[in-house]
Amino acid sequence: MGFIKLLKNQHPDLPYLDVISKELDQLKFRITQFLHTSKMNTVFETKNEDITINFLLEEVMDFLYPSIVDGNIQIISNIEEDIKINGDRNELKQVFLNLLMNAVDAVCEEENERRINIDTEAGFDQITINVSNNGSPLNPDAIEYIFEPFYTTKKLGTGIGLFVCKNIVEKHKGKIHCFSKDHLTTFQITLPIKKNES
Ligand SMILES: Nc1ncnc2c1ncn2[C@@H]1O[C@H](COP(=O)(O)OP(=O)(O)OP(=O)(O)O)[C@@H](O)[C@H]1O
Ligand SMILES: [Mg+2]
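Visitor: Before we move on, could you go through the sheet that holds strand β4 (residues 115–122) and cite the residues and values that matter?
Guide: Taking strand neighbours across the sheet as the criterion, the five strands line up as β2-β4-β5-β7-β6 in an open arrangement whose pairing is mixed. The open sheet has two edge strands with one neighbour each: β2 (74–78) and β6 (175–181). For this sheet the average axis-to-axis angle between neighbouring strands, irrespective of direction, equals 15°. As paired elements, β2 and β4 share five bridges and run parallel to each other. By the bridge assignment, asparagine 78 is partnered in β4 with aspartate 119.

Visitor: Describe the pattern of salt bridges, and please don't skip the residues or the numbers.
Guide: As enumerated under the stated definition, the model contains eight salt bridges in all. In this structure, arginine 89 engages glutamate 59 in a salt bridge whose closest nitrogen and oxygen atoms are separated by 2.9 Å. Of the two residues, arginine 89 is situated in helix α4 (residues 89–108) and glutamate 59 in helix α3 (residues 53–70); the sequence distance between them amounts to 30 residues. Close ionic contact of lysine 154 with aspartate 105 constitutes a salt bridge, the shortest N to O distance being 2.9 Å. Of the two residues, lysine 154 is situated in the loop between β5 (126–134) and α5 (161–171) and aspartate 105 in helix α4; the sequence distance between them amounts to 49 residues. For aspartate 105, a relative accessible area of 35% translates into the label partly exposed. One network of salt bridges, in which partners are shared, links Glu59, Arg89 and Lys93.

Visitor: Residue-level account of the site of ligand 1, with values.
Guide: Around ligand 1 sit 18 residues in total, of which Arg30, Asn102, Thr152, Thr153 and Lys154 are the nearest. One of the backbone N or O atoms of leucine 162 is found 2.9 Å from an oxygen atom in ligand 1. When isolated, ligand 1 has an accessible area of 600 Å², and the protein chains bury 92% of it. Under a 2 Å grid-point criterion requiring more than half of the atoms, the pocket assigned to ligand 1 is the largest pocket. Among the secondary structure elements, those contributing two or more residues to the shell around ligand 1 are α4, α5 and β7 (184–192).

Visitor: Give a description of the side chain of aspartate 88 that names residues and reports values.
Guide: Tracing the backbone shows aspartate 88 in the loop between β3 (84–87) and α4. It is lysine 47 that comes nearest to the buried, bridge-free aspartate 88 among opposite-charge side chains, at 5.7 Å. Among the polar contacts listed, one links the side chain of aspartate 88 to the backbone nitrogen of lysine 47, at a separation of 2.7 Å. For aspartate 88, the residues in contact, after removing those within four places along its chain, are Glu45, Thr46, Lys47, Glu49, Ile51 and His172.

Visitor: Could you give an account of the confidence of the model for the protein, with specific residues and numbers?
Guide: Scored by pLDDT, the protein comes out at a mean of 92, with 95% of its residues at no less than 70. Within the protein, helix α2 (residues 17–37) has the poorest average pLDDT of any element, 87, and β5 the best, 98.

Visitor: I'd like a description of the packing of α2 against α4, backed by residues and values.
Guide: For the pair α2 and α4, interaxial distance at closest approach is 12 Å and the crossing angle is 105°. Compared by their axis directions, α2 and α4 come out roughly perpendicular. Contacts from Phe29, Thr32, Gln33 and His36 of α2 reach α4 at Glu91, Gln94, Leu97, Asn98 and Met101. Per-class residue counts for the contact of α2 with α4 are three nonpolar, five polar and one charged.

Rules of the game
- Position numbers for residues count from 1 along each chain, tracking the sequence in the order it is written.
- Numbering of ligands from 1 and lettering of chains from A proceed in the order in which they are written.
- Since the coordinates come from a predicted model, pLDDT governs what is reported: local features require at least 70, and pairs of side-chain atoms require 80 or more to be given and counted, while whole-chain, interface and lining totals use all residues.
- Only hydrogens and water are set aside when side-chain values are computed; all heavy atoms of the structure are taken into account.
- Two strands pair under a simple rule: DSSP has to find at least two bridges between them.
- Counting from the N terminus, the helices are the DSSP runs of H or I reaching at least four residues and the strands are the DSSP runs of E reaching at least two.
- Every angle, taken between N-to-C directions, lies between 0 and 180 degrees, and every axis is a line fitted to C-alpha atoms, over only the stretch in contact when it is a helix.
- Salt-bridge detection follows one rule: a side-chain nitrogen of Lys or Arg within 4 Å of a carboxyl oxygen of Asp or Glu.
- Relative accessible area decides the class of each residue, using a 1.4 Å probe on protein chains only: under 20% of the type maximum gives buried, over 50% gives exposed, and in between gives partly exposed.
- Residues are labelled near a given molecule or strand when at least one of their non-hydrogen atoms is within 4 Å of it.
- Polar contact criterion, stated in full: a pair of N or O atoms within 3.5 Å, where within protein one must be able to donate a hydrogen and the other to accept it, and residues adjacent in sequence count only if both atoms are side-chain atoms.
- To measure how exposed things are, a 1.4 Å probe is used in the Shrake-Rupley method; for residues, cover is taken only from the protein chains shown.
- Points on a 1 Å grid over protein atoms alone make up a cavity when a 1.4 Å probe fits among them but cannot get out, and a pocket when they form an open set with protein on both sides within 12 Å along at least five of seven lines; lining residues each have an atom within 4 Å of a point.
- For this analysis, a molecule is said to be in a pocket or cavity if more than half of its atoms are within 2 Å of the grid points defining it.
- Working convention for charge: Lys and Arg count positive, Asp and Glu count negative, and His plus the chain ends are omitted.
- In what follows, a contact means two residues having at least one pair of non-hydrogen atoms within 4.5 Å.
- Summary of the metric used: pLDDT quantifies the predictor's per-residue confidence within the range 0 to 100.
- For classification, angles of less than 35 degrees are called roughly parallel, those exceeding 145 degrees roughly antiparallel, those between 65 and 115 degrees roughly perpendicular, and all remaining angles oblique.
- Note on residue categories: nonpolar means Ala, Val, Leu, Ile, Met, Phe, Trp, Tyr, Cys or Pro, charged means Asp, Glu, Lys or Arg, and polar means any other residue, Gly included.

Here you go:
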């Protein structure tokens, strides 16, 4: 990745560098998922950073912007500003990336209007983040298994996305739940809010 950056600086007109760069990002993402699954992620130090939720969610949406445009998906977000939590920024990014990638996959199965909603609700000591999408609801029996490793209904799926999400959320002392009915599927995450030091 470093050498691609160097090449880009020295030869800005060289073709395909953006494509290589994006694919390397995807590979890196996949590898971290596998490391999480195999519990080998201790090779990366877990950080304890101040994370502002609205910035984190915006970063994730930027990363997914090409697939959102490509799928002609409408994103409706209602995210409170300046709510901070403590944790590992990259790990939490991975959680929302996984949920949104699943939402993109789910709505793209449908021909009609494709919608993804992201909203937050901050309480006294915790924040609730809902990522919802329209699309076919999950089978009620399946909801029991979706957080298990390697459960997938996709041709090219690995079934580790939600397993990794649950691990990371619980490591951050949070909870994750799924509700799905009548063409609305919601993944709800609650995380403790960082208290202002006084
Ligand atoms: N928003 C959603 N709508 C409908 N079904 C979903 C949604 N999110 C997850 N699922 C179901 O849960 C399964 C498991 O999801 P998970 O993210 O763990 O794995 P995957 O997406 O199949 O593969 P991977 O994330 O490893 O690429 C999916 O295959 C799909 O059947
Ligand atoms: Mg997934």
